[in-house]
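Descriptive structure summary
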Amino acid sequence: MVFYFPILGAVALATGLVVQKTLLRKRKINIKLFQSAEFLAITLALLPFVYFFWKIDAQAFELGNTLIFSLVIILSIAANLFTYYSMKWEKLNNLEPAKLLEPLFIILLAIIFSYLVSETLFERNIKIIIPALIASAAIIFSHIKKHHLHFNKYFIAAILGSFFFALELIITRLILDFYSPTTFYFLRCTTIFLISFIAFKPDFSKLNKKVKLQIFALGFLWAFYRVIIYYGFLKLGVIFTTLMIMLSPIFIYLFAWKFLKEKLSWRNIVAALVIVGCVLYAILG
């Protein structure tokens, strides 16, 4: 049953990305206002669950672990700002290859950290690493088109956003054992919201009621997705969880075909088959 949770996370990620892209491109929201509103929404979404799933060990307050938590916050803020900036000003299709580098970054960083830090925290199971790398390559291959590869500042910003998100998740694993997944994400997002609120002084009145509801729904999706990611890291391992989450592009293809009437390319179909094959191999192998 544990294997099913990352699949639900993949669905949440696919849905969240579609909603986020729609808000940033069609609603023309200032990225600083959007970041503040999004993290407020996540904090509010998690608030009722914190009461039931609160857990934080004394080790979390040790100096080294506090510094790691601070680094997670810095990396997250940087990742979000780079990502919002790229999505705001560049065509989303052109950014897909850069955004889809995140799983590959996670896998490569996990391998490096398994040697530098701990094989216990970052598994080195070759039966998981190889299908994860193949699935990641398939995702990138399905989106790379020659006319999309414009290495302008927005594309570079998207690559940096993907890298910082990956590094943040890897760094998070160093201290995740001292929290419940819900507690950690709540503290992370509350801290980022407070920093964003102080730094950006957002005027939420500029958001109409419909946008506020959409951002609040997005907050629930991100909360659900990240809690599942953290839970997967603890129970299934970093690379295996990342492999399972790589099912999300398949759901994006299906959503685009069903609701946006977009045609599936042969690249999308081949990538989907490869990803499913890699996941099945990792589960059954």
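Placed above this text is the structure.
Presented here is a report on the structure given in the accompanying data block. Sequence order sets the numbering: in each chain, residues are counted from 1 along the sequence as written. Totals for whole chains, interfaces and linings use all residues, but because this is a predicted model, local features are given only for residues with pLDDT of at least 70 and pairs of side-chain atoms are given and counted only at 80 or more. Working from all heavy atoms in the structure, the side-chain values ignore hydrogens and water.

What to know about the overall build of the chain
What counts as a helix is a DSSP run of H or I of at least four residues, what counts as a strand is a run of E of at least two, and both are numbered from the N terminus. Broken down by element type, the chain carries 12 helices and zero strands. Only protein chains enter the accessibility calculation, which uses a 1.4 Å probe; a residue whose area is less than 20% of its type maximum is buried, one above 50% is exposed, and one in between is partly exposed. Counting the 285 residues in the chain, one finds 53% classified as buried. Within the chain, contacts between residues at least 6 apart in sequence are counted, and of these 89% link residues at least 24 apart. The method behind every accessible area is Shrake-Rupley, applied with a 1.4 Å probe, and residues are considered shielded solely by the protein chains displayed. Carbon and sulfur atoms provide 71% of the accessible area of the chain, an area that totals close to 14,000 Å². Throughout, a residue-residue contact means that at least one pair of heavy atoms, one from each residue, lies within 4.5 Å.

Points about a nonpolar patch on the surface
Together, Leu44, Leu47, Phe49, Tyr51, Phe52, Phe53, Phe216 and Phe220 line one region of the surface with nonpolar side chains, adding up to about 890 Å² of accessible area. At the level of elements, helix H2 (31-53) and helix H9 (209-235) are the ones that each hand at least two residues to the nonpolar patch. The biggest single contributor to the nonpolar patch is H2, with six residues. Tracing the backbone shows Phe52 in helix H2. Only residues whose relative accessible area exceeds 30% and that form no salt bridge enter a patch; like-charged residues are grouped when within 9 Å of one another, and nonpolar side chains (Val, Leu, Ile, Met, Phe, Trp, Tyr) when within 5 Å. In the sections that follow, a salt bridge refers to a side-chain nitrogen of Lys or Arg positioned within 4 Å of a carboxyl oxygen of Asp or Glu.

What about the packing of H2 against H9?
Running from amino to carboxyl end, H2 crosses H9 at an angle of 65°, the nearest separation of the two axes being 8 Å. Note on packing geometry: the crossing formed by H2 with H9 is right-handed. Contact with H2, carried on its side by Phe34, Ala37, Glu38, Ala41, Ile42, Leu44, Ala45, Leu46 and Phe49, involves Ile215, Phe216, Leu218, Gly219, Phe220, Trp222, Ala223 and Val227 of H9 and no other residues of that element. Amino acids outside the nonpolar list (Ala, Val, Leu, Ile, Met, Phe, Trp, Tyr, Cys, Pro) and the charged list (Asp, Glu, Lys, Arg) are all regarded as polar, and Gly is one of them. Residues belonging to the contact of H2 with H9 are distributed by class as follows: 15 nonpolar, one polar and one charged. Only the contacting stretch of a helix is used when fitting its axis, a line to C-alpha atoms as for every element, and angles between N-to-C directions run 0 to 180 degrees. By the definition used in this description, the sense in which the near helix is turned from the far one sets the handedness, with an anticlockwise turn below a right angle giving left-handed and a clockwise turn giving right-handed.

Things to note about the pattern of salt bridges
A complete count under the given rule lists three salt bridges for this structure. Residue Glu168 pairs with Arg188 through a salt bridge whose shortest N-O separation is 2.7 Å. With Glu168 in helix H7 (residues 153-173) and Arg188 in helix H8 (residues 181-200), this residue pair connects regions lying 20 residues apart in the sequence. Residue Arg226 pairs with Glu168 through a salt bridge whose shortest N-O separation is 3.0 Å. Of this pair, Arg226 sits in helix H9 while Glu168 sits in helix H7, and the two are 58 residues apart along the sequence. Each member of the pair, Arg226 as well as Glu168, carries the same accessibility label: buried. Ionic contacts of the salt-bridge type, sharing partners, join the residues Glu168, Arg188 and Arg226 into one network.

Some points on the environment of Ile42
Here Ile42 lies in helix H2. Residue classification places Ile42 among the buried positions, given a relative accessible area of 2%. For the pair formed by Ile42 and Ile215, sequence separation is 173 residues and the distance between their alpha carbons is 9.0 Å. With residues near it in sequence (within four places) discarded, Ile42 still touches Tyr185, Cys189, Gly219, Trp222 and Ala223.

Details of the side chain of Ser76
Tracing the backbone shows Ser76 in helix H3 (residues 63-89). Under the relative-accessibility criterion, Ser76 is labelled buried at 0%. Side chain to side chain, Ser76 and Arg188 meet in a polar contact 2.6 Å long. Excluding residues within four positions of it along the chain, Ser76 makes contact with Phe39, Glu168, Arg188 and Ile192. The term polar contact refers here to a pair of N or O atoms within 3.5 Å; inside protein, the definition further demands a hydrogen-donor-capable atom paired with an acceptor-capable atom, and it admits residues adjacent in sequence only when both atoms are side-chain atoms.

So, the environment of Phe251
Tracing the chain through its elements places Phe251 in helix H11 (residues 248-259). Placed 241 residues apart in sequence, Phe251 and Ala10 show a C-alpha to C-alpha distance of 7.7 Å.

Structural notes on unusual backbone geometry
Most peptide bonds adopt trans geometry, and most residues besides glycine take a negative phi value. Phi at Lys201 takes a positive value of approximately 50°, unusual for a residue other than glycine. With respect to the helices, strands and loops of the structure, Lys201 is situated in the loop between H8 and H9.

Description of H7
Since one α-helical turn is 3.6 residues long, residues separated by three or four positions face the same way. Multiply 1.5 Å by the residue count of a helix minus one, and that product is the helix's expected span. With 21 residues, H7 should reach 30 Å at 1.5 Å per residue; the first-to-last C-alpha distance of 30 Å fits that figure. Where burial is concerned, most of H7 is hidden: 15 out of the 21 residues are buried.

Some details on the packing of aromatic side chains
Each aromatic ring pair is characterised by the separation of its centres together with the angle its planes make. Two aromatic rings, drawn from Phe, Tyr or Trp (for Trp, its six-membered ring), form a pair once their centres lie within 6.5 Å of each other, and the interplanar angle then sorts them: stacked below 30 degrees, edge-to-face above 60, tilted otherwise. Under the definition given, this model contains 13 aromatic pairs. Centre to centre, the rings of Phe105 and Phe163 are 5.5 Å apart; their planes meet at 90°, and the pair counts as edge-to-face. In this pair, Phe105 sits in helix H5 (residues 102-116) while Phe163 sits in helix H7, placing the two residues 58 residues apart along the sequence. For Phe105, a relative accessible area of 18% corresponds to the buried category. Aromatic side chains Tyr185 and Tyr230 sit 5.9 Å apart centroid to centroid with 70° between the ring planes, which places their arrangement in the edge-to-face category. Taken together, the residues Tyr185 in helix H8 and Tyr230 in helix H9 connect sequence positions 45 residues apart.

Function cannot be inferred from these measures alone, as they are strictly geometric.
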